[in-house]
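Okay, here's what each chain looks like letter by letter:
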Amino acid sequence: MYKIFSVDDHIIEPANLWADRVPKKYRELAPHVVHDGSNEFWEYENQRALTMGLNAVAGRPRDEWAMEPTRFSDMLPGCYDPKERARDLLSQGVLASAAFPTLPRFGGMLFNSFKDKELAYECVKAWNDYVLDEWCPAGPPGLFVPMIITATWDPVLGEQEIKRCLEKGAKALCFVENPVPDGLPSFHVKDGHWDPIWRVCDEAGIPICMHTLSSGYKPIIDPEASYTTNIAAGNVTGMLAAINMLLSGVCERYPTIKMCWSEAGIGWIPSVLERADRQIDRHQFWGGRPKLKPSEIFRRNMFACMVDEPIGLSLWELIGADNILCETDYPHADTSFPITQKTYAELFAGIPDHVIEKVSHTNAERIFDWQMADPALATINTPWIPPTGWPERHTTTATNLTNSGSIDDGCRTFIKGGPLIEQCRKPIGPDGRCEAGHQNT
């Protein structure tokens, strides 16, 4: 059995997360679930998020995948129930899991957009308290890594929240890969704006985990391209963010800081570092030169995750065996679940044993200062079986809800709206075409 430490999974927040935790005066404005016909939605600050779960397709046969589940009953319970998540992960030999948020966006940036920042801060604290007090304790010791979010709009307040959570056992910070698209100051600013965040994480020794697309920036390749085209290029923002951070000066000011890049892949790293080193050398006389090369900063301070990337892993000597982490991406479409052991057996074929040990778990144990769950708890020899009744629910209901067009429900064509993928929902005419021009069949 390969012992897997996944540094990129995702929590689909349960419906009562904020309703049970924010002060009473905020409960109607904090995220809460509402029902509209056959669908469920999140509402907050008088806005409605059309997406209930972001690619929560774990456990479904691929020929039944559609863009988004619209109800909790359309998802595997492990998406939002930590006890069921523990069952699913242990069935795959996954002994540790760091999970990013979903509704708050991968870097917690949703709350930066809130008009009422007191409400926003209460929502941040509620998410963290749920993770620290309920999600993590629901699994066996070592399985769920306590990773938190913070107040991105105010680094001093953000530092305060991180310190509060450190006292409760937090071991990692989920953060945004690039704050500029959300109207926040650059990581390159010279006034120390972000230093409270960098300083508290550096002093505590906790890694800063940044997920691709957490900035909300999505380069449009071609407006006529399929959504699959954009998914195929999904790691581009992670590449851009890593280069940006390498040259920002942050790691020079904080030489022991730890930064992890999730779901951006690893195959691009050698060529990007080679080019960055070369450009620094060529332009140093007018553009300046850091004390260390970008490649040296990467080796010292940065770590990158891979998911099912055999070509990338074959470059381990160029990347650095100590800088590669693995992920299962549960419950997103890239997940290896429920064939994680088979996936990693194929991925690790031909890779030296000492590299496998590092990539599969010991690098992450070191970086997160975390002891994984007891391997004896793994149940990989017992075939994974979906919860009773779930296959019938999703094959007869969820697929129809996601794929069918309805004049009553509006256009179900998926579009990019804000940080999430949403359905168009505009009224459909007698010809099956909506007001935006999408054809529904």
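These figures come from a predicted structure and were not determined experimentally. (Residues numbered from 1 in each chain as written. Predicted model: local features only at pLDDT ≥ 70, side-chain atom pairs only at ≥ 80, totals over all residues. Heavy atoms only, no water.)

Enquirer: For the sheet that holds strand 3 (residues 39-44), give the residues involved together with the corresponding values.
Expert: If you walk across this open sheet you meet the 3 strands as 2-3-4, and the pairing is antiparallel. In the strand order of this sheet, the two ends are held by strand 2 (32-36) and strand 4 (47-49), each with one partner. Averaged over all adjacent pairs, the angle separating strand axes in this sheet is 40°, with direction ignored. Here strand 3 pairs with strand 4 via 3 bridges, running antiparallel. Each bridged residue has a counterpart across the sheet, and for E43 the counterpart in strand 4 is R48. (Pairing = 2+ DSSP bridges. Helix = DSSP H or I, 4+ residues; strand = E, 2+ residues; numbered from the N terminus. Axes fitted to C-alpha atoms, helices over the stretch in contact; angles between N-to-C directions.)

Enquirer: Report on the environment of F111, specifying residues and quantitative values.
Expert: Take F111: it is sitting in the loop between strand 5 (94-100) and helix 2 (117-135). Residue F111 is classed as buried on the basis of its relative accessible area, which comes to 0%. Sequence-wise, F111 and T152 are 41 residues apart; in three dimensions their C-alpha atoms are separated by 8.2 Å. (Buried < 20%, exposed > 50% of the residue type's maximum accessible area, 1.4 Å probe, protein only.)

Enquirer: How would you explain helix 14 (residues 353-368) if you had to name every residue and give the values?
Expert: An α-helical turn contains 3.6 residues, so any two residues separated by three or four positions project in the same direction. Taking 1.5 Å as the rise per residue, helix 14 with 16 residues should run 22 Å; its terminal C-alpha atoms sit 22 Å apart, in good agreement. Within helix 14, the axis deviates most sharply at V359, by approximately 55°. For helix 14, every residue scored as buried is listed here: V355, I356, V359, S360, H361, N363, A364, I367 and F368. With its phi angle positive at about 50°, D369 sits one or two positions after the end of helix 14. (Expected span 1.5 Å × (residues − 1). Bend = angle between axes of the 7 residues up to and from the residue.)

Enquirer: For the confidence of the model for the protein, give the residues involved together with the corresponding values.
Expert: When the pLDDT values of the protein are averaged, the result is 87; 86% of them are 70 or greater. pLDDT under 50 marks residues 392-408. Its contacts with residues more than four places away, or in other chains, come to 33 contacts. (pLDDT = per-residue confidence, 0-100. Contact = heavy atoms within 4.5 Å.)

Enquirer: If you had to explain the packing of helix 8 (residues 269-282) against helix 10 (residues 294-301) to someone new, which residues and values would you point to?
Expert: Two elements in contact, helix 8 and helix 10, have axes separated by 8 Å at closest approach and are oriented at 135°. In terms of axis orientation, helix 8 runs oblique to helix 10. When helix 8 is examined against helix 10, the residues I269, L273, A276, D277 and I280 are found in contact with a partner set consisting of P294, S295 and F298. Residues that form the contact of helix 8 with helix 10 fall into these classes: 6 nonpolar, 1 polar and 1 charged. (Parallel < 35°, antiparallel > 145°, perpendicular 65-115°, else oblique. Nonpolar A, V, L, I, M, F, W, Y, C, P; charged D, E, K, R; others polar.)

Enquirer: I'd like a description of the nonpolar core, backed by residues and values.
Expert: W18, F111, F175, W198, M306 and F368 are the most contacted members of the largest nonpolar core, which has 122 residues in total. A total of 11 residues in this core trace back to one element, the largest contributor, which is helix 2. Not counting residues within four places of it along the chain, the set of residues in contact with F175 comprises G107, T150, T152, F187, W194, I197, W198, I208, C209, M210, H211 and S214. (Core = buried A, V, L, I, M, F, W, Y, C linked by side-chain atoms within 4.5 Å.)

Enquirer: Break down the pairing of strand 1 (residues 4-10) for me, citing the residues and quoting the values.
Expert: Successive residues of a regular strand alternate their side chains across the two faces of the sheet. Counting buried residues in strand 1 gives 7 out of 7 residues, a clear majority hidden from the surface. Here 5 bridges tie strand 1 to strand 5, and the two strands are oriented parallel to one another. Its bridge partner being in strand 5, H10 is matched across the sheet by F100.

Enquirer: Summarise the packing of aromatic side chains; cite the residues concerned and give the values.
Expert: The tally for this structure, following the rule as stated, stands at 17 aromatic pairs. Here Y330 and F337 contribute two aromatic rings whose centre-to-centre distance is 5.1 Å and whose plane-to-plane angle is 80°, an arrangement assigned as edge-to-face. An identical accessibility class is assigned to Y330 and F337; each is buried. Among the aromatic residues, those joined into a cluster by ring pairs are W18, W42, Y44, F111 and F114. A cation over an aromatic ring shows up here: R48 above the ring of F41, its NZ or CZ 4.8 Å from the ring centre. (Phe/Tyr/Trp six-rings, centres within 6.5 Å; stacked < 30°, edge-to-face > 60°. Lys NZ or Arg CZ within 6 Å of the ring centre and 35° of its normal.)

Enquirer: Can you explain the pairing of strand 2? Please cite residues and give values.
Expert: With 5 bridges connecting them, strand 2 and strand 3 associate as antiparallel partners. The residue of strand 3 that forms the bridge with H35 is E40. Connecting strand 2 to the antiparallel partner strand 3 that follows it, the hairpin turn spans 2 residues, and G37 within it adopts a positive phi of roughly 65°.

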